[in-house]
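Descriptive analysis of the structure
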Amino acid sequence: MPEDSAILSDFNGLAKAEPSLPTAWYSDPAHFALELSEIWGRSWLLFCRSAEIAAPNSWHAGQIAGRNVLAVRRADGTAAAFHNVCRHRGAEICPAGRGQLDRPLLVCPYHQWSYRLDGSLVATGLARRVEGFDRSEHGLAAIACAEWGGYVFINLDAEGATSLDGALGAELAPLANWPLAELQVAHRDRIEIACNWKVFWENFNECLHCPGIHPELCDLVPIYGRGIMVAEDDPDWRGRGADGDPRHTGRLREGAESWTEGGAAQGAPLPGLTPDNIARGHTYAVALPSVFVVGHRDYARSVRVLPLGPERTELTVEWLLPAGWETQPGLDLDAILRFSSRVLRQDAAACEMNQRGLSAAPFASGTLMQEEYEVHAFHQWVRARLGEAVAPPASRASRRKPRS
């Protein structure tokens, strides 16, 4: 949570009611385009699993934040990413999906312009040499690319991007003990929800909705039934001392081990976890704006957020388990999938309900209550990244546009 004078110092909470973002920001097409440019176009975004481009000369292509992106694995083992657009007349080079090249060369299927995996142009098909054309000036447009935890991240702002570690290292650090790079995707779901991408993150960042929306989750994580997320959200948290009641500590209910149907762990603890990692029951890492990853004692789960339009968002959920999970005696994958899928469906319905109201709101902005300090922090993050683009004219000269 960023430093903010609006946040109380003795416990997690807002010092006073705060206005939410303008309601128009959740449905206006022009503002959506601005966010794609200033937030999604300048942030590190989850693109795919590293395993999807594991072999040299393998590739993965897809749409992200309004751009057509192509990631490749080079002979030296490094990953690289480019705009999936030929520099001749703009044809798509690789179709959406993944594949394996016969040789380390990307060839446009339209007119056979060919590029090395460093993006440099080496051939122009049947086109003859012509005056004024320099191959060195027509390589593929590069995109910043980095890997973490078995994931490939890209940043469309290739020149202005800070390193992935510099931008997101602190946010990803909570999962340092989880062997994410060694885990395999056991199941993947994609769902489209009728809401703005910010609505999803707002819902993620508070638990006032939990008692009314997530009865099963509140049973598993009793503190959520109080409408708060962690022990420090309670004004009396310091005075509770050694109170081990899960309603106050934030851990799973007595007897539960993991986020599964029934609460039983599905397999041994993942290697490298500490006793506290195991006992906590869930550990989150958040890489705004595109993904959060949750580590449990027996598996991990990622939820990728992709804006499709002002009021449409796609979620891609991946459940990660150790290699060989299919033959592990007693492991019930369905018990894992049923529980977290139910929670996600409940969240999706709540987000759509929120969006329907926002799209017809008769007021300029909503109101945040004390427990919604993380929603406020998210709003401040959004405002900071939009910077000059949404600042009042008189204040624009003194503000700089941040990059992440």
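Here is a short report on the structure shown in this document. (Residues numbered from 1 in each chain as written. Predicted model: local features only at pLDDT ≥ 70, side-chain atom pairs only at ≥ 80, totals over all residues. Heavy atoms only, no water.)

Regarding the pairing of strand E13 (residues 283-287)
Side-chain alternation along E13 places Thr283, Ala285 and Ala287 on a buried face and Tyr284 and Val286 on a face that remains uncovered. Summarising the sheet, E13 and strand E14 (residues 291-295) pair through five bridges and their orientation is antiparallel. Along E14, the bridge assignment pairs Thr283 with Gly295. A loop of three residues connects E13 with E14, the two strands running antiparallel in sequence. (Buried < 20%, exposed > 50% of the residue type's maximum accessible area, 1.4 Å probe, protein only. Helix = DSSP H or I, 4+ residues; strand = E, 2+ residues; numbered from the N terminus. Pairing = 2+ DSSP bridges.)

Concerning the side chain of Asn203
The topology assignment puts Asn203 in helix H3 (residues 197-204). In terms of polar contacts, Asn203 uses its side chain to reach the side chain of His209, at 3.4 Å. Side chain to side chain, Asn203 and Asp347 meet in a polar contact 2.8 Å long. (Polar contact = N/O pair within 3.5 Å; in protein donor to acceptor, adjacent residues only side chain to side chain.)

Points about the environment of Ala141
Here Ala141 lies in the loop between strand E9 (121-124) and strand E10 (142-148). By relative accessible area, which is 31% here, Ala141 ends up partly exposed. For the pair Ala141 and Arg338, spaced 197 residues apart in the sequence, the C-alpha separation amounts to 42 Å. Ignoring anything within four residues of it in the chain, the contact list for Ala141 reads Phe82 and His83. (Contact = heavy atoms within 4.5 Å.)

Points about the pattern of salt bridges
Any two side chains of opposite charge can pair if their charged atoms end up close together. The full count for this structure, using the stated rule, is 15 salt bridges. For Glu35, the salt bridge identified is with Lys198, shortest N-O distance 3.1 Å. Placement of Glu35 in helix H1 (residues 29-40) and of Lys198 in helix H3 is noted, with a sequence separation of 163 residues between them. The same class applies to Glu35 as to Lys198, namely buried. For Arg312, the salt bridge goes to Glu192, with nearest N and O atoms at 2.8 Å. Placement of the pair is Arg312 in strand E16 (residues 312-321) and Glu192 in strand E12 (residues 184-193), with a sequence separation of 120 residues. Taking relative accessible area as the criterion, Arg312 reaches 35% and is therefore assigned partly exposed. One network of salt bridges, with partners in common, ties together Glu38, Arg42 and Asp157. (Salt bridge = Lys/Arg side-chain N within 4 Å of Asp/Glu carboxyl O.)

Here's the deal with unusual backbone geometry
The peptide bond linking Leu288 to Pro289 adopts the cis configuration, its omega dihedral lying at 5 degrees. With phi around 75 degrees, Asn57 is a residue other than glycine that occupies positive phi space. For Asn57, the position within the fold is in the loop between strand E2 (45-49) and strand E3 (58-64). What makes Asn57 buried here is its relative accessible area of 14%.

With respect to the sheet that holds strand E8 (residues 113-116)
Two orientations exist for strands paired in a sheet by backbone hydrogen bonds: parallel and antiparallel. Judged by pairing direction, the sheet is antiparallel, and its three strands sit side by side in the order E7-E8-E9 without closing on themselves. Strands at the two margins of the open sheet, each flanked by one partner only, are strand E7 (105-107) and E9. For this sheet, the mean inter-axis angle between neighbouring strands, taken without regard to orientation, is 20 degrees. Relative to E8, E7 is paired through three bridges, and the arrangement is antiparallel. Bridge assignment links Leu106 to a residue of E8, and that residue is Tyr115. (Axes fitted to C-alpha atoms, helices over the stretch in contact; angles between N-to-C directions.)

Some remarks on the environment of Asn354
Its location among the elements puts Asn354 in helix H8 (residues 333-358). Asn354 sits 162 residues away from Glu192 along the chain, and the two C-alpha atoms are 15 Å apart. Among all residues touching Asn354, those that are not within four sequence positions of it are Val199 and Glu202.

Observations regarding the packing of H3 against H8
Interaxial distance between H3 and H8 falls to 9 Å at its minimum, and their mutual angle equals 125 degrees. Taken together, H3 and H8 sit at an angle that is classed as oblique. Both H3 and H8 take part in a crossing whose hand is right-handed. Contacts from Val199, Phe200, Glu202 and Asn203 of H3 reach H8 at Leu344, Asp347, Ala350, Cys351, Asn354, Gln355 and Leu358. (Parallel < 35°, antiparallel > 145°, perpendicular 65-115°, else oblique. Left-handed = near helix turned anticlockwise from the far one by under 90°.)

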